[in-house]
Protein chains: 2
Amino acid sequence: MLGQTVFFRNRPRLISAAAVAGPKECAGVLGTYVDLALSDDMFGEKTFERAERKMLLYAADRCMKKAGIPPQRIDVFLSGDLLNQIISASFTAREIGIPFLGIYSACSTMSEGYLLGAALADGGYVKYALAATGSHFASAERQYRFPLEQGTTRPPQSQWTVTGAGAAIISCEGRGPCITSATVGKVVDFGVSDVNNMGAAMAPAAADTILAHLRDTGRDPSYYDLIVTGDLGALGSRIVKDLAWEKGVDISANHVDCGEIVYKVIEDEFQGGSGAGCSAAVMNSYIYDKLTGGSGIRRVLFAATGALLSTVSSGQGETIPCVSHAVAIENGEA
Amino acid sequence: MLGQTVFFRNRPRLISAAAVAGPKECAGVLGTYVDLALSDDMFGEKTFERAERKMLLYAADRCMKKAGIPPQRIDVFLSGDLLNQIISASFTAREIGIPFLGIYSACSTMSEGYLLGAALADGGYVKYALAATGSHFASAERQYRFPLEQGTTRPPQSQWTVTGAGAAIISCEGRGPCITSATVGKVVDFGVSDVNNMGAAMAPAAADTILAHLRDTGRDPSYYDLIVTGDLGALGSRIVKDLAWEKGVDISANHVDCGEIVYKVIEDEFQGGSGAGCSAAVMNSYIYDKLTGGSGIRRVLFAATGALLSTVSSGQGETIPCVSHAVAIENGEA
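Predicted model only: the values in this text are computed from it and were never measured.

Student: Could you clarify how one ought to interpret the overall build of chain A in this entry?
Tutor: Counting its secondary structure elements, chain A contains 11 helices and 14 strands. Over its C-alpha atoms chain A spans a radius of gyration of 18 Å, differing by no more than 12% from the 20 Å that the globule rule assigns to 334 residues. Structurally, chain A occupies a C-alpha span of about 55 × 50 × 35 Å along its principal axes. Put simply, chain A has 334 residues, and 65% of those count as buried. Taking all contacts inside chain A whose residues are at least 6 apart in sequence as the whole, residues at least 24 apart take part in 78%. For chain A, the exposed surface amounts to about 10,800 Å²; the carbon and sulfur share of it is 50%. Once the 28 positive and 35 negative side-chain charges of chain A are each reduced to a mean point, those two points are 7 Å apart.

Student: Where do I start with the pairing of strand β4 (residues 76-79) of chain B in this structure?
Tutor: A regular strand places its side chains so that they alternate between the two faces of the sheet. All names here are of chain B. Residues V76 and L78 of β4 are buried on one face, and the alternating residues F77 and S79, pointing to the opposite face, are buried as well. Pairing of β4 with strand β6 (residues 129-135) involves four bridges; the strand directions are parallel. Counted as the bridge partner of S79 is A132 from β6. Across three bridges, the pairing between β4 and strand β5 (residues 100-102) is parallel. Paired with S79 across the two strands is G102, which belongs to β5. In terms of handedness, the path from β4 via helix α4 (residues 87-96) over to β5 forms a crossover that is right-handed.

Student: Hey, could you run me through the relation of the copies chain B and chain A in this one?
Tutor: In summary, the two copies of the chain are related to each other by a rotation about an axis coupled with a shift along it. The operation relating chain B to chain A is a screw motion whose rotation component is 180°, with 0.0 Å of axial translation and a residual RMSD of 0.0 Å. Seen this way, the second copy is the image of the first under a two-fold rotation axis. If distances are taken from each C-alpha of chain B to the rotation axis, the shortest is found for I103 of chain B, at 2.0 Å.

Student: What is the right way to look at the state of the cysteines in this model?
Tutor: Here a disulfide denotes one covalent bond, and it connects the sulfur atoms of two cysteines. All names here are of chain A. In this structure the tally under the stated criterion is zero disulfides over all chains. The thiol sulfur of C26 is not disulfide-bonded, and the nearest other cysteine sulfur, from C278, lies at 13 Å. Looking at C26, the relative accessible area reads 15%, which means it is buried.

Student: How do you make sense of the packing of helix α3 (residues 48-67) of chain A against helix α4 (residues 87-96) of chain A when you look at a structure like this?
Tutor: Helix packing geometry: the angle between the two helix axes and the distance between the axes. All names here are of chain A. Two numbers describe how α3 lies on α4: the axes approach to 9 Å, and their chain directions differ by 50°. Comparing their axes, α4 and α3 come out oblique. Between α3 and α4 the crossing geometry is right-handed. Residues E52, R53, L56, L57 and M64 of α3 pack against I87, S88, A89, F91, T92, E95 and I96 of α4.

Student: Could you clarify how one ought to interpret the interface of chain B and chain A in this entry?
Tutor: Accessible area lost on assembly of the parts is the figure often given for the size of an interface. The interface of chain B with chain A comprises 59 residues on the first partner and 59 residues on the second. Between chain B and chain A lies a buried interface of about 4,600 Å² when both sides are counted; carbon and sulfur atoms form 59% of it. On the chain B side of the contact with chain A, Q85, R94 and Y125 of chain B bury the most area, a combined 17% of that side's loss. Between R53 of chain A and E318 of chain B there is a salt bridge, with the nearest N and O atoms lying 2.9 Å from each other.

Student: I would appreciate a short explanation of the environment of N196 of chain B in the present structure.
Tutor: All names here are of chain B. Take N196: it is sitting in the loop between β9 (178-183) and α7 (198-217). N196 sits in the partly exposed class, given a relative accessible area of 23%. Setting aside residues no more than four positions away along its own chain, N196 makes contact with R145, P155, Q157 and S158.

Student: Could you clarify how one ought to interpret the side chain of D257 of chain B in this entry?
Tutor: Residue and element names in this part refer to chain B. Among the secondary structure elements, D257 is positioned in strand β11 (residues 255-257). K241 provides the closest opposite charge to the buried, salt-bridge-free D257, at an N-O distance of 9.1 Å. Of the polar contacts made by the side chain of D257, one reaches the side chain of T229; its length is 2.7 Å. A polar contact is formed between the side chain of D257 and the backbone nitrogen of D231, at a distance of 3.4 Å. Leave out the neighbours within four places in its chain, and D257 touches T229, G230, D231, L232, G233 and S237.

Student: What is the right way to look at the nonpolar core in this model?
Tutor: Generally speaking, soluble globular proteins have nonpolar side chains that are buried together. Core analysis: the largest hydrophobic core is formed by 106 residues, its most contacted members being Y114 of chain A together with Y114 of chain B. With residues near it in sequence (within four places) discarded, Y114 of chain A still touches L14, A131, A168, I170, I179, M283, N284, F302, V327 and I329 of chain A. Counting residues in hydrophobic clusters, the runner-up holds 74 residues, among them V20, L56 and A276 of chain A together with A18 of chain B.

Student: Sorry if this is basic, but what is going on with the packing of aromatic side chains here?
Tutor: Each aromatic ring pair is summarised here by two numbers: the centre-to-centre distance and the angle between the ring planes. Residues and elements named next belong to chain B. Per the counting criterion, the structure on display carries 13 aromatic pairs over all chains. Plain terms: the ring middles of Y223 and Y224 are 5.0 Å apart, the flat faces sit at 80° to each other, and that makes the pair edge-to-face. Under the relative-accessibility criterion, Y223 is labelled partly exposed at 22%. When its relative accessible area of 2% is taken as the criterion, Y224 is described as buried. Between the NZ or CZ atom of K24 and the centre of the ring of Y263, over which it lies, the distance is 5.9 Å.

Student: Explain the environment of A244 of chain B to me, please; I cannot follow it from the model alone.
Tutor: All names here are of chain B. If you trace the backbone, A244 turns up in helix α8 (residues 233-246). Assessed through its relative accessible area of 2%, A244 is described here as buried. Separated by 37 residues in the primary sequence, A244 and A207 place their C-alpha atoms 5.8 Å from one another. Excluding residues that lie within four positions of it along the chain, A244 makes contacts with L211, V249 and I251.

Student: In this structure, what is going on with the pattern of salt bridges? I would like to understand it.
Tutor: Two side chains that carry opposite charge are able to pair once their charged atoms sit near each other. Applying the stated criterion across every chain, the model contains 32 salt bridges over all chains. Where R62 of chain A meets D35 of chain A, a salt bridge forms, and the shortest distance between an N and an O atom there is 3.4 Å. Note that R62 of chain A is positioned in helix α3 and D35 of chain A in the loop between α2 (30-33) and β3 (36-37), a separation of 27 residues in sequence. One salt bridge connects E95 of chain A with R94 of chain A, and the closest N-O pair in it is separated by 3.4 Å. In the salt-bridge network here, residues are joined through shared partners; they are E45, R50, R53, K54, R94 and E95 of chain A together with D189 and E318 of chain B.

About the criteria used
- Residues numbered from 1 in each chain as written.
- Chains lettered and ligands numbered in written order.
- Predicted model: local features only at pLDDT ≥ 70, side-chain atom pairs only at ≥ 80, totals over all residues.
- Heavy atoms only, no water.
- Helix = DSSP H or I, 4+ residues; strand = E, 2+ residues; numbered from the N terminus.
- Rg over C-alpha atoms; globule rule 2.2 N^0.38 Å.
- Buried < 20%, exposed > 50% of the residue type's maximum accessible area, 1.4 Å probe, protein only.
- Contact = heavy atoms within 4.5 Å.
- Areas by Shrake-Rupley, 256 points an atom, 1.4 Å probe, with all protein chains shown as cover.
- Lys, Arg positive; Asp, Glu negative; His and termini not counted.
- Charge placed at Lys NZ, Arg CZ, Asp CG, Glu CD.
- Pairing = 2+ DSSP bridges.
- Right-handed = clockwise from strand over helix to strand, strands pointing away.
- Least-squares fit on C-alpha atoms with pLDDT ≥ 70 in both.
- Disulfide = S-S within 2.5 Å.
- Axes fitted to C-alpha atoms, helices over the stretch in contact; angles between N-to-C directions.
- Parallel < 35°, antiparallel > 145°, perpendicular 65-115°, else oblique.
- Left-handed = near helix turned anticlockwise from the far one by under 90°.
- Buried area = accessible area lost by both parts, 1.4 Å probe.
- Salt bridge = Lys/Arg side-chain N within 4 Å of Asp/Glu carboxyl O.
- Polar contact = N/O pair within 3.5 Å; in protein donor to acceptor, adjacent residues only side chain to side chain.
- Core = buried A, V, L, I, M, F, W, Y, C linked by side-chain atoms within 4.5 Å.
- Phe/Tyr/Trp six-rings, centres within 6.5 Å; stacked < 30°, edge-to-face > 60°.
- Lys NZ or Arg CZ within 6 Å of the ring centre and 35° of its normal.

Written out as structure tokens, the structure is:
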């Protein structure tokens, strides 16, 4: 490890990716790229939590089918989600029967999954790692804020939890973009306590990790075609660019935020999308497609962010600690 | 990976371990071995959650001090806990400032931490990994069952969540017992839905992983001086031995359960201890001492178990999926 960054020598690749998203999400750019665009955000289930789990299961299953690798040949399933005790991941693991390591990094769970999957594959410990996560607007609202039935109004700084899931298989065998290095984030807390303003809370963590990555790798932001954050939203995206600028690093030319691009701009999403499913669905469909297609996008730094709060910590007057893990994904290398 | 088991080539070692436990726990065997025996289970804090976090911070800090390694030299902090969104781990990570990967495996979080720490150190990705977890009786009761103030009676099949925490540093440099291999558990669900009977729910997962480990390594149970489960309790321990016996494997001669040995046998703990802190405190004090002292205990298979339920999943009528990760720890090897 150099600073906070690990380097992979054996070219672990994202050999397959899949995503599913809800109807509101698919009205935007995701609709063209996901494997399944839901017309009903209940996905035929009776509860929001079961719908969330079914999306995660779908993404995992679809990702394996696209690679032509059955669950029996996958060595490890790395997953977590926003629900208490990561039940979406655990129950999905029960269904697919793959040895399971639970992870939790709030909305940056996808980048933690990429990172650990790359380390386990690169080190020769596993041949195939499956990393996945997701979220559901209604289950997140019920757990973290208010039940939808209550009809509570949302403040203008709030974001909309993405209903969606994404999965990827990481392996040193096969084709696909390489994970060349990854930067493990430190927990950063700038003292924000407004649970409706996640973008402002998480932006300092994103800036901290992106700057650490550039320092550890000796790279300029222009090395990357895209620097992709997870779900900072409109306000958070401005803050992360400002914070980097204050440190003498200009990421404004190639920064893009999954939360900012996931929805069509209409009034009620306010700052954009959020949730573990936001970057999971965008990375494993839209961005993966750009990386593997002829778009000219060859190098992506994916730095998702997570807000590590709970209703109990906020209720006890704590501020919001945040983290961001960054994964360098490069295609077209020899 | 052979079957579900990864093997480590570069001798990652548990170079330091530390533990702290509450007064009830320290009335038993733990009292002699932990680094700090609390006389007040609030640890001077105002809330149960803050007391839990302070124990985790103490264990992590003490472990680093014993090794003479400051936080700045630790590459990664692997931690999780039972509280929603693993706030004990996240807030501890904020305090110590080490790059943080959140993990969740309920009461088997300690063995997942050992496993991932060993893989990251063995693969050369990190020099020092710090793995830690803990739990608190009162915060667990309040979150999973009933607030203590309610004075609810407990059924005879229930266990008592351990108030305690443990931490270890894993590195290929230094002295200490080696982590030679680790078996990643599959999620196993035998259909138990009684949230007061965790031992019965988790025993099949422990049996599944222990048998997979013995199969993958070609070993007989007698290879190990101890086969240590995490918190199956009295009933669960009988079940795991029965389940293994049914498959033709007798682990009764060397099986021991942290939950069964943690308390002095008095009436109100019923089946024994449970919680992420149970095996964390026992392994990182009592068992670590036996492994590094002249006790004759040289080979230990540590198979902690976790029940991957939440109050929401149980409330929606789900049964309890469980997992167990096994870590082989050997001392006295060349």
